[in-house]
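So the chains spell out like this:
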Amino acid sequence: MGTRAFPAGRPVTIRRAVARDAKRLTRLVRGSGAYEGLYASAVAGYRVGPDYIEAHRVFVAADADDHEDRVLGFYSLVLAPPELDLLFVADEAQGRGMGRLLVAHMRSEARAAGVDRVKVVSHVPAEDFYHRVGAVRTGTVSANPPAVPWDRPEFEFRI
């Protein structure tokens, strides 16, 4: 756990998620503006449960000055096989460097775990973001209807 300066000047704490974060993380996923309209079906019934948090390296970025521990974003790093399974930034924190901060933290965690590459199956609108933060496009994952009726770009972070 540590506090880092959020690019907008506010301190952010990145900490390991705990079971009591599950409902807030689920709300962040389901309420994401990036998954409106065409993409809504991908997150409609999605749940980040306490069991998922226990099984994976899930980290939460929170406003360090907010006593309610408001979640600004989170990610999940799965180690076997290495994959950035989830990365979400709260709508109000988008475009302010939060995603970049979470990716840097993920890379550090992966390096500490001895991982040299991390796969990402991206949400289509997030493709440019992954390019900007250093991921390399490696292919395309075919649609999986009905939950995901579109092809998705696949990336890799070289750690």
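Source: prediction; values computed, not measured. (Residues numbered from 1 in each chain as written. Predicted model: local features only at pLDDT ≥ 70, side-chain atom pairs only at ≥ 80, totals over all residues. Heavy atoms only, no water.)

Caption draft 1: Highlighting the nonpolar core. Within the largest apolar cluster, 25 residues are counted, with the highest numbers of intra-cluster contacts made by Leu 84, Met 98, Met 106, Tyr 130 and Phe 157. If you list the elements that add at least two residues to this core, you get strand 2 (11-16), strand 3 (57-63), strand 4 (71-79), strand 5 (82-89), helix 3 (98-112), strand 6 (117-121) and strand 8 (152-158). In terms of residue count, the dominant contributor to this core is helix 3 (six residues). Excluding residues that lie within four positions of it along the chain, Phe 157 makes contacts with Leu 84, Val 103, Met 106, Arg 107, Asp 116, Arg 117, Val 118, Val 120, Tyr 130, Val 133, Gly 134 and Ala 135. (Core = buried A, V, L, I, M, F, W, Y, C linked by side-chain atoms within 4.5 Å. Buried < 20%, exposed > 50% of the residue type's maximum accessible area, 1.4 Å probe, protein only. Helix = DSSP H or I, 4+ residues; strand = E, 2+ residues; numbered from the N terminus. Contact = heavy atoms within 4.5 Å.)

Caption draft 2: Looking closely at the side chain of Arg 152. Topologically, Arg 152 is positioned in strand 8. Buried and without a salt bridge, Arg 152 has Asp 151 as its closest oppositely charged side chain, separated by 7.2 Å. Excluding residues that lie within four positions of it along the chain, Arg 152 makes contacts with Val 121, Ser 122, Val 124, Gly 139, Thr 140, Val 141 and Ser 142. (Lys, Arg positive; Asp, Glu negative; His and termini not counted. Salt bridge = Lys/Arg side-chain N within 4 Å of Asp/Glu carboxyl O.)

Caption draft 3: Focus on the environment of Tyr 35. When you line up the elements, Tyr 35 lands in the loop between helix 1 (22-30) and helix 2 (50-55). Distance in space between the C-alpha atoms of Tyr 35 and His 123 is 8.8 Å, their sequence separation being 88 residues. Setting aside anything within four residues of it in sequence, one finds Tyr 35 in contact with Ala 40, Ala 42, Val 43, Phe 88 and His 123.

Caption draft 4: Fine view of the packing of aromatic side chains. For the structure shown, the criterion picks out seven aromatic pairs. A ring pair is formed by Tyr 130 and Phe 155, whose centres lie 5.8 Å apart and whose planes are at 35°; its orientation type is tilted. Linking Tyr 130 in helix 4 (residues 127-132) with Phe 155 in strand 8, this pair joins segments that are 25 residues apart in sequence. Consider the rings of Tyr 130 and Phe 157, whose centres lie 6.2 Å apart with planes at 70°: the pair is edge-to-face. Residue Tyr 130 is found in helix 4, and its partner Phe 157 is found in strand 8; the two are separated by 27 residues along the sequence. The exposure class of Tyr 130 is buried, given its relative accessible area of 6%. Taking the relative accessible area as the measure of exposure, Phe 157 reaches 0% and is therefore buried. Put simply, the rings of Phe 129, Tyr 130, Phe 155 and Phe 157 touch in pairs and so form one group of aromatic residues. (Phe/Tyr/Trp six-rings, centres within 6.5 Å; stacked < 30°, edge-to-face > 60°.)

Caption draft 5: Fine view of unusual backbone geometry. Cis geometry is found at the peptide bond from Ala 80 to Pro 81, where omega equals -10°. Residue position: Pro 81 is located in the loop between strand 4 and strand 5. Cis geometry marks the peptide bond from Pro 145 to Pro 146, where omega comes out at 5°.

Caption draft 6: Broad picture of the pairing of strand 8. For strand 8, the buried fraction is high: six of the seven residues fall into the buried class. Note: strand 6 against strand 8, five bridges, orientation antiparallel. Bridge pairing in strand 8 links Val 118 to Phe 157. As paired strands, strand 7 (residues 136-141) and strand 8 are joined by five bridges and run antiparallel to one another. (Pairing = 2+ DSSP bridges.)

Caption draft 7: Here's a closer look at the pattern of salt bridges. Applying the stated criterion across every chain, the model contains 10 salt bridges. For Asp 51, the salt bridge is made with Arg 47, and the minimal N-O distance between the two is 3.9 Å. Of the two residues examined, Asp 51 and Arg 47, each falls in the exposed class. For Glu 109, the salt bridge is made with Arg 57, and the minimal N-O distance between the two is 3.6 Å.

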